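# Chain and residue survey
The primary structure of each chain is shown beneath.
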Amino acid sequence: MEEQKPASATPPTRGWLARSLDVVERVGNRLPDPAVLFLILMVLAWVISSLLSAVSFTEIDPRSGKPIEIRNLLAGESLTTFMATMVATFTNFPPLGVVLVAMLGLGVAEHTGFINAMLRAAMAVTPRQLLTPALIAVGILSHVAVDAGYVLVIPLGAVIFYAAGRHPLAGIAAAFAGVSGGFSATLGVPSSLDPLLAGLTQTAAQLVDTSVVINPLNNFYFTTASAVLIVLVGWALTDLVIEPRLRSTPVDGDPSSLPTQEPLQAGERKGLRIAFLVMLLAIAAFALTLVGKDTPWAAAPNANGDRLLLAAGAPLMQSIVPLIFIGFLLPGIAYGVAAGTVKTHRDVVAGMTKAMSGMGYYIVMAFFCAQFIYAFGQSNLGALIALKGANALRDAALPLGVTLGGIILLTSLVNLLIGSASAKWALIGSIMVPMLMQLGVSPDLTQAAYRVGDSSTNIITPLLPYFPLIVVFCRRYVQRTGIGTLVALMLPYSITFIVSWTSFLLLFWAMELPLGVGSSYEYTPTTGR
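Presented here is an overview of the structure given in this document. Residue indices follow the written sequence of each chain, beginning from 1 at its first position. Local features in this predicted model are restricted to residues whose pLDDT is 70 or higher, and side-chain atom pairs enter the listing and the counts only when it is 80 or higher, whereas totals over whole chains, interfaces and linings include all residues. Side-chain figures throughout are based on the complete set of non-hydrogen atoms in the structure, without hydrogens or water.

### With respect to the packing of helix H5 (residues 94-111) against helix H17 (residues 360-379)
Closest axis-to-axis distance for the H5/H17 pair is 10 Å, and the angle between their directions is 165°. As judged from the angle between their axes, H5 and H17 are roughly antiparallel. Crossing hand, H5 versus H17: left-handed. Residue-level contacts link Pro 95, Leu 96, Val 99 and Leu 100 of H5 to Tyr 362, Ile 363 and Ala 366 of H17. Classes in brief: Ala, Val, Leu, Ile, Met, Phe, Trp, Tyr, Cys and Pro nonpolar; Asp, Glu, Lys and Arg charged; the others, Gly included, polar. Residue composition of the contact of H5 with H17, grouped by class: 7 nonpolar, no polar and no charged. Under this scheme, a helix contributes an axis fitted over its contacting stretch, all axes are lines through C-alpha atoms, and angles between N-to-C directions fall in the 0 to 180 degree range. Runs of H or I in DSSP of at least four residues are treated as helices and runs of E of at least two as strands, each being numbered from the N terminus. Should an angle fall under 35 degrees it is called roughly parallel, over 145 degrees roughly antiparallel, and 65 to 115 degrees roughly perpendicular, with every other angle called oblique. Crossing handedness is defined as follows: a turn of the near helix away from the far one that is anticlockwise and smaller than a right angle gives a left-handed crossing, while the clockwise case is right-handed. Throughout, a contact is declared for two residues whenever any of their heavy atoms are within 4.5 Å.

Below you can see the structure in the form of structure tokens.
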């Protein structure tokens, strides 16, 4: 496929939205390189923590039950601890291992031509108009596999769009919107986030009423319905706003590494048949190991004696990335042998090596990102901001509908600083859940409001651990991609998700549609507890 170029030498007049996003992109791309930006932010956190460490705050830290304290990162003990743990902070950075291990298998599948041939075959039978909603839906479904969507669905989104003659960055945007922007949506299958948040909600609720028990699926109906909203809104934005804006952005990546859409040759068709046969046999063999109550893939027995496969600590859920590695490695090798692109084991190693060579820039960014996130977390600055915002919202005593909107807005803003969904909810929920219970609002509704805000701004914060990786994916196609490019690309999704998803929750509330299993909208305060 030839390099995509602007349709004409004089592009049509751009609307106000496109011009506004262009400004965001230009300003964002004038920022330092992401690696240097993380370094600057880390130093800034050091300085601010030093200035605020002597200030006494009245906000109670729910983790300790004491007034929150800002830790001075410039103190001798803090600096020596930072230096002593620098290597461990980098090597234990959660996205690092996830990305590199998954890319080993993907690299082989890509190097042998399996991914290219598989997508070309899929494009031949998939209507071009349905690529966007299908991609967003797959992104939402990937939440079952924890963070697998970041390393699997998003890069494939670019490949699928480019192979179909569409702009690859639009594919990345649509996939990113589904994987991360719709993180609290569920496509009929619960994710590990459901029991995690429900457990924290129950802990907060029991500060007021020890008899409260929260069902892990207390928001399941709402999050499932939300998936439809995210798909429809994301589809409209991608096709009507994002892709038209990208028409003047040329694809200048390495032509030899970009997918093509030529008809499949006989050797490629044979390779696909053998690869899919190997894949089916591997899935069947793996499925047999999942059968039975004594399967080693299940978690340890819970309070009811049940061993769950989808529990957060289950070996199955902790093995998602290795399973992705094997799931692409085996059919990739099988395709290569059948199609003639793999002659010896050296070709397999070459595919892994090529994949790792493309990760050099990400590894550099990941190092500085890991150090900043560690320092910022140690300082307690993010926790202080979250607690002050929650207390201000409580003291405002606004009408319930406005308060729910305030929780969503507060969460979306704090999300720009604290990426972990559970960490934010542990801080905000400990204030909001008891406060609203005293006003007769159920913990289920408060948690639902939090989940809307938690998802909507994931896609525009460079502090998202996977954000640097998405920049790397974009640069494979548009080499000048920077932080500003990606933020401008995703900003329309973020704003629209916040507005539409908030309205959707308020509609659920107004119509009293069930939020989930065993959930409610109202809580009757109990006296004497």
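### Remarks on the side chain of Ser 226
Tracing the chain through its elements places Ser 226 in helix H12 (residues 220-245). Here a polar contact is taken to be a pair of N or O atoms separated by no more than 3.5 Å, where protein atoms must pair a possible hydrogen donor with a possible acceptor and residues adjacent in sequence count only if both atoms sit in side chains. A polar contact is formed between the side chain of Ser 226 and the backbone oxygen of Phe 222, at a distance of 2.7 Å. Those residues within four positions of Ser 226 in sequence are excluded, and the remaining contacts are Ala 185, Trp 501 and Phe 504.

### Some words on empty space enclosed by the protein
The rule is simple: put a 1 Å grid over the protein atoms alone, call a set of points where a 1.4 Å probe fits but cannot get out a cavity, call an open set with protein on both sides within 12 Å along at least five of seven lines a pocket, and count a residue as lining if it has an atom within 4 Å of a point. Grid points are joined across faces, edges and corners, and a volume is the space filled by probe spheres set on the points. Taken as a whole, this structure holds 2 cavities of 30 Å³ or more when the rule is applied. For the largest cavity, the calculated volume is near 110 Å³. Lining of the largest cavity is provided by Met 103, Leu 106, Glu 110, Ile 115, Val 151, Leu 152, Pro 155, Leu 156, Val 159, Phe 473 and Arg 476. Breaking the lining of the largest cavity down by element, the ones donating at least two residues are H5 and helix H9 (153-163).

### Some remarks on the packing of H9 against helix H10 (residues 168-181)
Two measures define how a pair of helices packs: the angle their axes make with one another and the distance between the axes. Contact geometry for H9 and H10: axes closest at 7 Å, N-to-C directions at 145°. Here H9 and H10 pass one another in a crossing that is right-handed. When H9 is examined against H10, the residues Val 153, Ile 154, Gly 157, Ala 158, Phe 161 and Tyr 162 are found in contact with a partner set consisting of Pro 168, Ala 170, Gly 171, Ile 172, Ala 175, Phe 176 and Val 179. Class assignment of the residues belonging to the contact of H9 with H10 gives a composition of 11 nonpolar, 2 polar and no charged.

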